[in-house]
Amino acid sequence: MHAWLCTDPTGVEALKWTELPTPAPKAGEVLIEIHAASLNFPDLLIVQNKYQMKPPLPFVPGSEYAGVVQAVGEGVKHLQAGQRVACLSGTGGFATHVIAPATRCIALPDDFAYVDAAAFIMTYATSHHALIDRAQLKAGETVLVLGAAGGVGTAAIQIAKAMGACVIAAASTDDKCQRCLQLGADTVINYSTEDLRQALKTLTEDKGPDVVYDPVGGPLAEQAFRSIAWRGRYLVVGFAAGPIPSLPLNLALLKGAAIVGVFWGEFARREPQANAAMLAELVAWYAQGKIKPVIDRALPMAQLPQAFAQMGQRAVMGKLVLVN
Ligand SMILES: NC(=O)c1ccc[n+]([C@@H]2O[C@H](COP(=O)([O-])OP(=O)(O)OC[C@H]3O[C@@H](n4cnc5c(N)ncnc54)[C@H](OP(=O)(O)O)[C@@H]3O)[C@@H](O)[C@H]2O)c1
């Protein structure tokens, strides 16, 4: 097998495409031949030693991938050799093969494309858990999605539309806004050129959005929270802009609003049955055409450094995928 090996977590430049012995799965594990792997935000942080999880060296980055099971370890009952799977295991995906915990794999139907499957679990699980479980979104409500052309943002647009909500997508360029309209957003705001608060007032006739989905943070957070509707729910999803914002709590009082934390990985760990049911629903929605991963580009696995560079430039719409 070959893999992008990290022996020195000082950045993407230190990764080396390396030949390694193909391992055999131990109890509870499966060996997967990888067809596609997607880039998630933490993949960039982990190779720079800036992520909360610090795997022992050397390690292979690549949190999320899809492929075919080649062998199963002792005790693995729900998967078998030849089965198509998607997996989110934190590391191992930027390679031709990986050993993964069987419990982290979901079996895929035959018509689930590998490129889509590699870009599925993290973004759709996060946005489903955020909008449906944490925010209790109802049909007819208005959702503001910040960073709406990004990975979790595009998934949030599709899930909110599937729930019958009205979606205001907000992003930093006209091209990104245009892409959000193609994905089903009802209206868009370019927050680089428009005043977010004024645009929200106009679009919601002074009422404000019922739910704010925020994976960006930074200065947009307070502007969005100041605009939220009575009984609004503000979803703290991530801080792609860098600084972690603070919000004046009097705003929560004045609007009868809730600040709601979203941590899908911890939800999956603490509530595995609820998570499994949610993933099964998402796989069914994919089959019904209600959701479809937005793939910016699929590149050969050898071009991982170029893919990382594009992600670092804030230039990706949806997800970047690497294929073998
Ligand atoms: N809470 C959870 O369970 C959970 C799960 C998954 C991901 N996350 C977090 O959610 C965030 C977004 O993840 P993602 O996969 O959607 O990432 P992504 O595809 O890179 O999208 C992030 C978006 O943030 C915006 N942004 C604003 N300032 C930025 C900056 N300085 N650098 C990069 N992007 C910037 C960009 O949109 P514009 O250019 O339009 O502003 C970009 O499209 C990350 O912080 C991630 O860690 C949280």
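Our subject is the structure listed above.
This one's a predicted model, so the numbers in the text were calculated from it and none came from an experiment.

1. Here's the deal with the overall build of the protein chain
Link 1 in the chain: Scanning the protein chain from terminus to terminus reveals eleven helices and 15 strands.
Link 2 in the chain: Relative to the compact-globule value of 20 Å for 324 residues, the protein chain shows a C-alpha radius of gyration of 20 Å, a close match.
Link 3 in the chain: Considering only C-alpha atoms, the protein chain reaches an extent of 60 × 40 × 35 Å along its principal axes.
Link 4 in the chain: Taking all 324 residues of the protein chain together, the buried fraction comes to 53%.
Link 5 in the chain: Accessible surface computed for the protein chain: about 14,300 Å², of which carbon and sulfur atoms make up 55%.
Link 6 in the chain: Each charge sign in the protein chain was given a centre, from 26 positive and 27 negative side chains, and these centres are 5 Å apart.

2. What to know about the pattern of salt bridges
Link 1 in the chain: Taken as a whole and judged by the stated rule, the model has nine salt bridges.
Link 2 in the chain: In this structure, the salt-bridge partner of E222 is R226, at a minimum N-O distance of 2.9 Å. Remark: R226 and E222 occur in helix 7 (residues 220-226); sequence separation between them is four residues, near one turn of the helix.
Link 3 in the chain: Judged by its relative accessible area of 34%, R226 is partly exposed.
Link 4 in the chain: The salt bridge partner of R297 is D296, with a shortest N-O separation of 3.9 Å.
Link 5 in the chain: The exposure class of R297 is partly exposed, given its relative accessible area of 42%.

3. Some details on the pairing of strand 3 (residues 29-38)
Link 1 in the chain: A large share of strand 3 lies buried, amounting to seven of its ten residues.
Link 2 in the chain: Note: strand 3 against strand 6 (residues 97-101), five bridges, orientation antiparallel. Paired with L31 across the strands is I99, a residue of strand 6.
Link 3 in the chain: Bridge count between strand 3 and strand 4 (residues 64-72): eight bridges; the pairing is antiparallel.

Definitions and limits used
Residues numbered from 1 in each chain as written. Predicted model: local features only at pLDDT ≥ 70, side-chain atom pairs only at ≥ 80, totals over all residues. Heavy atoms only, no water. Helix = DSSP H or I, 4+ residues; strand = E, 2+ residues; numbered from the N terminus. Rg over C-alpha atoms; globule rule 2.2 N^0.38 Å. Buried < 20%, exposed > 50% of the residue type's maximum accessible area, 1.4 Å probe, protein only. Areas by Shrake-Rupley, 256 points an atom, 1.4 Å probe, with all protein chains shown as cover. Lys, Arg positive; Asp, Glu negative; His and termini not counted. Charge placed at Lys NZ, Arg CZ, Asp CG, Glu CD. Salt bridge = Lys/Arg side-chain N within 4 Å of Asp/Glu carboxyl O. Pairing = 2+ DSSP bridges.

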